[in-house]
Amino acid sequence: MSDDLPSIAILHDRFPQIGGGEKFAIEAARTLDAPIYTMYVYPGTEIPDDVRVIPIKQEKYASGLSKHLLAWKNEGSNPLETLSVAMDMTDAHPDLTKYDVILESAPLSKHYVPTVDQTIIHYPHSPPRWLYDLYRDRMDSFDYPGIRFALKAYAKWWRALDKEANDYVDTFVANSELIRDRIKRYYHRDAEVVYPPVTGDWRNEGDEGYFVTWSRLAPEKRMPLLAEAFTELDERLVMAGNGADREKLERIACGHGNIEVRGFVEDIESLVARSTAVIYAPVQEDFGLVGAEALMAGKPLLGVNEGFTKYQVETGVTGEVFEPTVESVRDAVRSFNSDKYDSDVIQEHAEKYRYEAFQEGLRTLVERASMEG
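Owing to the predicted nature of the structure, the values given are computational and were not obtained by experimental measurement.

Novice: Even after reading the chapter, I still don't get the overall build of the chain, so can you show me in this structure?
Specialist: Scanning the chain from terminus to terminus reveals 15 helices and 13 strands. Expected size for 373 residues packed as a compact globule is a radius of gyration near 21 Å; at 21 Å, the chain falls within 12% of this value. Seen through its C-alpha atoms, the chain measures out along the principal axes to roughly 60 × 55 × 40 Å. When each of the 373 residues of the chain is scored for burial, the buried share is 53%.

Novice: Quick question: what am I supposed to make of the sheet that holds strand E5 (residues 119-123) here?
Specialist: Remark on secondary structure: sheet strands pair via backbone hydrogen bonds, oriented parallel or antiparallel. Taken in spatial order, the seven strands make up an open sheet running E3-E2-E1-E4-E5-E6-E7, and their pairing is parallel. The open sheet is flanked by strand E3 (53-55) and strand E7 (191-193), the only strands paired with a single partner. Each adjacent strand pair in this sheet contributes to an overall mean axis angle of 25°, direction not counted. In the sheet, strand E1 (residues 8-12) pairs with strand E2 (residues 36-38) via three bridges, with the strands oriented parallel. Paired with Ile10 across the bridge in E2 is Ile36. Across the sheet, helix H1 (residues 20-32) touches E1, E2, strand E4 (101-105) and E5, and the angle it forms with E1 is around 175°.

Novice: Explain the sheet that holds strand E12 (residues 301-304) here, please?
Specialist: What the six strands build is an open sheet, ordered E10-E9-E8-E11-E12-E13; its pairing is parallel. In this open sheet, the two strands that pair with only one neighbour each are strand E10 (259-263) and strand E13 (319-322). Going across the sheet, the axis of each strand differs from the next one's by a mean of 20°, ignoring polarity. In terms of strand pairing, E12 meets E13 through four bridges, oriented parallel. Residue Val304 lies in a different strand from E13, and its bridge partner there is Phe322.

Novice: Help me understand the packing of aromatic side chains in this model?
Specialist: Describing an aromatic ring pair means giving the distance of the ring centres and the angle of the ring planes. Applying the stated rule across the entire model yields 21 aromatic pairs. Taking 5.2 Å as the distance between ring centres and 65° as the angle between the ring planes, the aromatic pair formed by Tyr195 and Tyr353 counts as edge-to-face. Separated by 158 residues along the polypeptide, Tyr195 in the loop between E7 and strand E8 (210-214) and Tyr353 in the loop between helix H14 (343-349) and helix H15 (355-372) bring together distant segments of the chain. Geometrically, the ring pair formed by Phe336 and Tyr341 is stacked, given 5.5 Å between the ring centres and 20° between the ring planes. With a relative accessible area of 11%, Tyr341 lands in the buried category. Connected via pairs of aromatic rings, a cluster forms that spans Tyr195, Phe287, Phe308, Tyr311 and Tyr353.

Novice: What is the right way to read the packing of helix H8 (residues 223-230) against helix H9 (residues 246-253) from this model?
Specialist: Angle between the axes and distance between the axes: these two values describe a pair of packed helices. Axis separation between H8 and H9 bottoms out at 9 Å; the angle between their running directions is 5°. When the interaxial angle is binned, H8 and H9 end up roughly parallel. From H8, Met223, Pro224, Ala227 and Glu228 reach across to H9, where they touch Lys248, Leu249 and Ile252. Of the residues that constitute the contact of H8 with H9, the class distribution is five nonpolar, no polar and two charged.

The rules behind each value
- Residues numbered from 1 in each chain as written.
- Predicted model: local features only at pLDDT ≥ 70, side-chain atom pairs only at ≥ 80, totals over all residues.
- Heavy atoms only, no water.
- Helix = DSSP H or I, 4+ residues; strand = E, 2+ residues; numbered from the N terminus.
- Rg over C-alpha atoms; globule rule 2.2 N^0.38 Å.
- Buried < 20%, exposed > 50% of the residue type's maximum accessible area, 1.4 Å probe, protein only.
- Pairing = 2+ DSSP bridges.
- Axes fitted to C-alpha atoms, helices over the stretch in contact; angles between N-to-C directions.
- Contact = heavy atoms within 4.5 Å.
- Phe/Tyr/Trp six-rings, centres within 6.5 Å; stacked < 30°, edge-to-face > 60°.
- Parallel < 35°, antiparallel > 145°, perpendicular 65-115°, else oblique.
- Nonpolar A, V, L, I, M, F, W, Y, C, P; charged D, E, K, R; others polar.

These figures come from the coordinates and say nothing about function on their own.
This is how it looks when you write it as structure tokens:
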């Protein structure tokens, strides 16, 4: 990166944990040698020593009555907390006005109101899904007409607020072609694609005869679907991760010796390195770090035929696709033959996910946007 680059700051909405969005903000900060400003950091969240994270309103969101009222460790599901963060983002931190370029990470950071001469690059990960592509699914989950009407009115107001904030953005960046298309559809703006950074020691150390899957155990990851499928299969399934669905997974796995629910696994790379293949079934995945990591390890990916996951699978070359049903998962596993896959070929297909590709893409984007701005 050239010495005459403008001054840059990262603006990320909040750090309730270290998830995909937080990993992006951290790696962007490393790549651009920039500080991260954020509304709050959940106590106990481990921030790397080489990254500077500046909480803007830590006391408001992490202590006292307001903490309990906002229920801030909620993965973004509390509408009061979401609205509060968006409102606080408008002025954010006074020091932000000193930077030439603000790289915004996650949807709520878009509500920051810039100065006239600032360049704003927005990496939303996705337009808020509950307002757009998952809107009908979320509304259908509420059975009471009065509540549904109120939520529709709230969503309509939020949609207007979300689109108003687009006026502050100079350049949109998508984490995949799927998100680029969503940005075009819902915001009528073009976006460049920069895949998120894939870190870790992903490798192939043979095949010890088990399928593996891992993620946050949230309903949209469909982990119970995979567990249910393996209750009538002879193959082994190892499931890693923590979250709301863990108890449900353990109930399904009870009495089935071929299904192992491990919880959080520190060295997930070693577990994947010795697996037969990776299996993954999320609902309309935006990017799918799990899929990218599987391919970087040279492991075939059995992925659901939707979202960006289906784009990560080239049938017979990098893996196989299945429909989001128990029977389709079972058919895919039964017909899977690991001998037909070449680990080196799979890793060649994963070259676009290299960390160096992320760094080069992000630096080029910032240089170009700052010159255009």
